[in-house]
Amino acid sequence: MQKREIFPLVSIVIPVYNGANYLREAIDSALNQTYPNCEVIVVNDGSTDEGETERAALSYGDKIRYFAKENGKVSTALNLGIKEMRGEFFAWLSHDDVFAPDKIEKQVKVLQETGASIVAASCSYFTDNGKEIPFCPAEFYDREFMEKGVFPVIHGLVQFGGVLLRRSLFQTYGVFREELYTTQDYEFLFRVLRKEKCIFMKDIVNGVRQHSLQGTKTSERVEKERDEMYEIFQKELTEKEQTQIYGNPYNFYYQILLRLICLPYTPKSMPVCIEGLSQHRGEGRGVQHKDTVYIYGAGRNGRRLLFHLRCQGVTVKGFLDKNQGLKNQLIDGIPCYTLDEPDRIDQGEKILIASEYREDMAKTLEGLSIRNYLYKEDYEQQHNMLRTAPPVEIVEQWIETYRENKWL
């Protein structure tokens, strides 16, 4: 009987399109893994940069496996990599991102020790000027939530560069949907996590570069595919699955509503959500809270939190934000103050940080000697706001108010 290999082969697939500016950094991080048995597969998805991307890849010789194809977007490049991979495990590394040196070693160990088929971890967002911000979702929510079905998918807590999975999952659940340009990763995880438990690590195992040319910032299909993704979430999950994650179907639809409320394009997903709330209207029995708070972060996450708090009976006195262009602006009817006017802030009230960059924002507040802050996730857990949704009558009143004021 053949002895099982101690270090099973891991395939790291790097899809790239016109990415010569960052590709070498990504390849280097894949080749410099402490895990001793990796193959690096680079798939050139029809780059049109006069051969620069191809030359960057070919400069590595036989250290990598290189494939070129006609342009078909990232899913097609990933699927070609999956077809050609020889490893037992699969990792996706975007051409503009990097892996920590011990990413593969740590995650293979987790899968071997637990017998799980998929593991995810924390990451750091970084920019070309050297700024680095950790994003540690396993610290946002208890493991009970993070490893409960599709909860982390619905709440946007999984970054696929931090994932390692067994190749057998592709045989069971299929590969990436090639008609999707921007949500193929979440759609795939949605399929898998309905059946498979994902182990979440607190370790930071990869870096996600933030720059202006990212596909999710430039593709015209982002909003349309996001709308269709949330429609799928609602139509495909059974009431049993909804209840397992959120306690009852009404709370499931309410949590979906919080994801949709500030999106600019929801013609498919929002009507399904409103109908779902109405069908389960007797299940919303959340207790109204009487706190008064500020929200730090006037972007989409902050606006989402504002709606959530309003439905929960919390009074929001204002937004805080670094952006000087928002100074004294009304955002969804709430004034926005910048951090250079601390006299406008009632120091006796809580400040809720509403961003995935929460640790960076906390440091900013502490630098201003402001310490009466809470992360929004901690506040939600203190008030059991993930398990109890407000009555539908209150939610409907606020939806109507938002429509009347054109805040939606």
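Going by the structure above, here's the rest.
Keep in mind the model is a prediction, meaning the values are calculated, not measured. (Residues numbered from 1 in each chain as written. Predicted model: local features only at pLDDT ≥ 70, side-chain atom pairs only at ≥ 80, totals over all residues. Heavy atoms only, no water.)

1. Quick look at the overall build of the protein chain
Broken down by element type, the protein chain carries 18 helices and 15 strands. The C-alpha radius of gyration computed for the protein chain amounts to 22 Å, which stays within 12% of the reference 22 Å derived for 408 residues, consistent with globular compactness. Principal axes of the C-alpha set define a box for the protein chain whose edges measure 65 × 50 × 40 Å. Burial status across the protein chain gives 56% buried among its 408 residues. A separation of at least 24 residues holds for 72% of the contacts in the protein chain among residues at least 6 apart in sequence. Carbon and sulfur atoms provide 47% of the accessible area of the protein chain, an area that totals close to 18100 Å². The protein chain carries 52 positive and 60 negative side-chain charges, and their two centres are separated by 2 Å. (Helix = DSSP H or I, 4+ residues; strand = E, 2+ residues; numbered from the N terminus. Rg over C-alpha atoms; globule rule 2.2 N^0.38 Å. Buried < 20%, exposed > 50% of the residue type's maximum accessible area, 1.4 Å probe, protein only. Contact = heavy atoms within 4.5 Å. Areas by Shrake-Rupley, 256 points an atom, 1.4 Å probe, with all protein chains shown as cover. Lys, Arg positive; Asp, Glu negative; His and termini not counted. Charge placed at Lys NZ, Arg CZ, Asp CG, Glu CD.)

2. Quick notes on the nonpolar core
Grouped together as the largest cluster of nonpolar side chains are 88 residues, with contacts concentrated most on F90, F160, L165, F176, L257, L277 and L309. Here the element with the most residues in this core is helix α13 (residues 249-260); it accounts for 8 residues. Ignoring anything within four residues of it in the chain, the contact list for L309 reads V293, I295, V314, V316, L352, Y379 and M385. Counting 31 residues, the second-largest nonpolar core is a separate cluster that includes V10, A57, Y66 and I104. (Core = buried A, V, L, I, M, F, W, Y, C linked by side-chain atoms within 4.5 Å.)

3. A closer look at empty space enclosed by the protein
Scanning all chains against the criterion turns up 1 cavity of 30 Å³ or more. Computed from the structure, the largest cavity encloses a volume of approximately 60 Å³. Of the residues forming the lining of the largest cavity, the biggest block, 4 residues, is contributed by helix α11 (residues 222-236). (1 Å grid on protein atoms, 1.4 Å probe; cavity = no way out; pocket = protein on both sides within 12 Å on 5 of 7 lines; lining within 4 Å. Points joined across faces, edges and corners; volume = space filled by probe spheres on them.)

4. Focus: the state of the cysteines
Chemically, a disulfide is nothing more than a covalent bond linking the sulfur atoms of two cysteines. Applying the stated criterion across every chain yields a total of 0 disulfides. Distance from the sulfur of C136, which forms no disulfide, to the nearest cysteine sulfur (C123) is 7.9 Å. This cysteine, C198, is not joined by any disulfide, and C123 carries the nearest cysteine sulfur, 14 Å off. (Disulfide = S-S within 2.5 Å.)

5. Observations concerning helix α16 (residues 358-367)
Of the positions making up α16, those classed as buried are R358, M361, A362 and L365. What you see down the axis of α16 is that its buried residues fit within an arc of 105°, all on one side. Opposite the buried face of α16, by more than 90 degrees, sit the exposed residues K363 and G367. In the segment just after α16, S369 is the residue with positive phi, at about 60°. (Arc of directions from axis to C-beta.)

6. Some words on helix α1 (residues 20-31)
With 12 residues, α1 should cover 16 Å at 1.5 Å per step; its first-to-last C-alpha distance of 17 Å lies within 8% of that length. Those residues of α1 that are buried lie in contact with β1 (10-16), β2 (38-45), α2 (52-58), β5 (98-99) and β9 (198-209). (Expected span 1.5 Å × (residues − 1).)

7. Considering the packing of aromatic side chains
Scanning all chains against the criterion turns up 24 aromatic pairs. Judged by centre distance (5.0 Å) and plane angle (90°), the ring pair of Y402 and W407 falls under edge-to-face. Accessibility expressed as a relative area gives 0% for Y402, which makes it buried. Looking at W407, the relative accessible area reads 19%, which means it is buried. Through pairs of rings, three or more aromatic residues link up here, namely F90, W92, F160, F170, F176 and F188. Positioned over the ring face of F145 is K148, at 5.2 Å from the centre of the ring. For the cation-ring pair, R221 lies above Y181, with the distance from its terminal atom to the ring centre recorded as 3.7 Å. (Phe/Tyr/Trp six-rings, centres within 6.5 Å; stacked < 30°, edge-to-face > 60°. Lys NZ or Arg CZ within 6 Å of the ring centre and 35° of its normal.)

8. Things to note about the pairing of strand β6 (residues 118-126)
Extensive coverage of β6 is indicated by the burial of 9 of its 9 residues. Inspection of the sheet shows β6 paired to strand β8 (residues 164-166) by 2 bridges, in the antiparallel sense. Bridging across to β8, V119 finds its partner in L164. As defined by bridge partners, β6 adjoins strand β7 (residues 132-135) across 4 bridges and the pair is classed as antiparallel. Bridge pairing links C123 to F135 in β7. (Pairing = 2+ DSSP bridges.)

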